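Per-entry structural report
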Amino acid sequence: EPEVTQTPSHQVTQMGQEVILRCVPISNHLYFYWYRQILGQKVEFLVSFYNNEISEKSEIFDDQFSVERPDGSNFTLKIRSTKLEDSAMYFCASRGRQGTEAFFGQGTRLTVV
Amino acid sequence: AQSVAQPEDQVNVAEGNPLTVKCTYSVSGNPYLFWYVQYPNRGLQFLLKYITGDNLVKGSYGFEAEFNKSQTSFHLKKPSALVSDSALYFCAVRAADSSYKLIFGSGTRLLVRP
């Protein structure tokens, strides 16, 4: 069964450093998303991406965040200068044109120290 | 504004008994409703969805959910719980005519005891 894969599964970084979280969506999907889940809290929407551009973003997704689909298969989330409060589980998701449910990856746990 | 409420932080049931995990929503227009399950150290797995049609929808692992428009609810149910059903369950909604982002509830931990 096709699945969304994310790497790494766990990343530890120092405050102020840049991190790139990587995702390989399901191959024929067209809509891509990043969500995050701070420990013990809700899953929160960050950004949606379609046709090589951001279609929607939340207030969390400020100038420190960016997304890219550099090569037609990977979908990345970059945090330019990490803060302690960026520590969370980050989920990538993708959705097909006809389908209405999003499929999620297993997540990347980001720990900022 | 769209919102989802899962009023119970935890639901405890005995194996073999029926289970219900509650969800109510608020959205303008017709809702698309989803249930996802999260096992420890795993991602979110899609269980089932309601888009249109029959109010009772069936999904993976024997789960089903009932859409009730008048009560704006979408409760998750299973006739006979298994210990392996123990996990964190999330209800999510998006408006049919708006953006594709999902709004998640706070999650309900289901604990099925042997």
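Rules of the game
Residues numbered from 1 in each chain as written. Chains lettered and ligands numbered in written order. Predicted model: local features only at pLDDT ≥ 70, side-chain atom pairs only at ≥ 80, totals over all residues. Heavy atoms only, no water. Helix = DSSP H or I, 4+ residues; strand = E, 2+ residues; numbered from the N terminus. Rg over C-alpha atoms; globule rule 2.2 N^0.38 Å. Buried < 20%, exposed > 50% of the residue type's maximum accessible area, 1.4 Å probe, protein only. Contact = heavy atoms within 4.5 Å. Areas by Shrake-Rupley, 256 points an atom, 1.4 Å probe, with all protein chains shown as cover. Lys, Arg positive; Asp, Glu negative; His and termini not counted. Charge placed at Lys NZ, Arg CZ, Asp CG, Glu CD. Buried area = accessible area lost by both parts, 1.4 Å probe. Salt bridge = Lys/Arg side-chain N within 4 Å of Asp/Glu carboxyl O. Polar contact = N/O pair within 3.5 Å; in protein donor to acceptor, adjacent residues only side chain to side chain. Disulfide = S-S within 2.5 Å. Core = buried A, V, L, I, M, F, W, Y, C linked by side-chain atoms within 4.5 Å. Pairing = 2+ DSSP bridges.

Some points on the overall build of chain B
Counting its secondary structure elements, chain B contains 0 helices and 12 strands. The helix and strand sequence of chain B, counted from the amino end, reads β-β-β-β-β-β-β-β-β-β-β-β. Relative to the globule expectation of 13 Å for 114 residues, the C-alpha radius of gyration of chain B, 13 Å, shows essentially globular dimensions. Evaluated residue by residue, chain B yields a buried proportion of 48% over its 114 residues. When contacts within chain B are restricted to residue pairs at least 6 apart in sequence, long-range pairs at least 24 apart make up 57% of them. A total of about 5,400 Å² of accessible surface is found on chain B, and carbon and sulfur atoms cover 48% of it. Each charge class in chain B was averaged separately, 11 positive and 8 negative side chains, and the resulting centres sit 4 Å apart.

Regarding the interface of chain A and chain B
Taken residue by residue, the interface counts 16 residues in chain A and 20 residues in chain B. In total, about 1,600 Å² of surface goes out of reach between chain A and chain B, with carbon and sulfur atoms giving 57% of it. The interface formed by chain A and chain B holds 2 salt bridges in total. In this structure, Glu56(A) engages Lys101(B) in a salt bridge whose closest nitrogen and oxygen atoms are separated by 3.5 Å. The interface formed by chain A and chain B contains 5 residue pairs in polar contact (both at pLDDT 80 or more). When residues of the side of chain A that touches chain B are traced back to their parent elements, those giving at least two are strand 4 (31-37), strand 5 (43-50) and strand 9 (88-95) of chain A.

Some words on the state of the cysteines
Taken as a whole and judged by the stated rule, the model has 2 disulfides over all chains. Between Cys23(A) and Cys92(A) runs a disulfide, and the two sulfur atoms are separated by 1.9 Å. The sign of the -65° torsion about the S-S bond sets the Cys23(A)-Cys92(A) disulfide as left-handed. Pair noted here: Cys23(A) is in strand 3 (residues 19-24) and Cys92(A) is in strand 9, with a separation of 69 residues, a long-range link. According to the relative accessible area criterion, Cys23(A) is buried, its value standing at 0%. Overall, the relative accessible area of 0% leaves Cys92(A) in the buried class. Bridging Cys23(B) to Cys91(B), the disulfide has an S-S length of 2.0 Å. Between Cys23(B) and Cys91(B), the S-S dihedral sits near -65°, and the bridge is therefore left-handed. Within this pair, whereas Cys23(B) is found in the loop between strand 3 (19-21) and strand 4 (24-26), its partner Cys91(B) is found in strand 10 (residues 87-95), the two being separated by 68 residues in sequence. Across the pair, Cys91(B) and Cys23(B) agree in class, each one buried.

Looking at the nonpolar core
In this structure, Trp35(B), Leu47(B), Leu48(B), Phe74(B), Leu76(B) and Tyr89(B) are the most contacted members of the largest nonpolar core, which totals 29 residues. The set of elements that each furnish at least two residues to this core consists of strand 2 (10-14), strand 3, strand 5 (31-38), strand 6 (44-50), strand 8 (64-68), strand 9 (73-78), strand 10 and strand 12 (108-113) of chain B. Here this core gets 4 residues from one element, more than from any other, and that element is strand 10 of chain B. In this structure, Leu76(B) is in contact with Leu19(B), Thr20(B), Val21(B), Trp35(B), Leu47(B), Leu48(B), Phe63(B), Glu64(B), Ala65(B) and Tyr89(B), ignoring residues within four places of it in sequence. Counting residues in hydrophobic clusters, the runner-up holds 23 residues, among them Ile26(A), Ile38(A), Phe65(A) and Val67(A).

As for the pairing of strand 9 of chain B
Residue and element names in this part refer to chain B. Within strand 9, 5 of the 6 residues are buried, which leaves the element mostly enclosed by the surrounding structure. With 3 bridges connecting them, strand 3 and strand 9 associate as antiparallel partners. Each residue of the ladder has a partner; that of Val21, found in strand 9, is Leu76. Between strand 8 and strand 9, which pair antiparallel and follow one another directly, the connecting turn spans 4 residues, one of which, Thr72, has a positive phi of 45°.

Some words on the pairing of strand 5 of chain A
Two faces belong to every sheet, and in a regular strand the side chains alternate between them. Residue and element names in this part refer to chain A. The element strand 5 is extensively covered by neighbouring structure, given that 6 of its 8 residues are classed as buried. Taken together, the 7 bridges between strand 4 and strand 5 define a ladder with antiparallel strand orientation. The residue of strand 5 that forms the bridge with Tyr35 is Phe45. Once strand 4 ends, the chain turns through 5 residues before running back antiparallel as strand 5, passing Gly40 with a positive phi of about 80°. Bridge count for strand 5 against strand 6 (residues 53-57) is 4 bridges, and the pairing is antiparallel. When the bridges of strand 6 are listed, Ser48 appears paired with Glu56. The hairpin formed by strand 5 and strand 6 contains 2 residues between the paired strands, and Asn51 there has a positive phi angle of roughly 55°.

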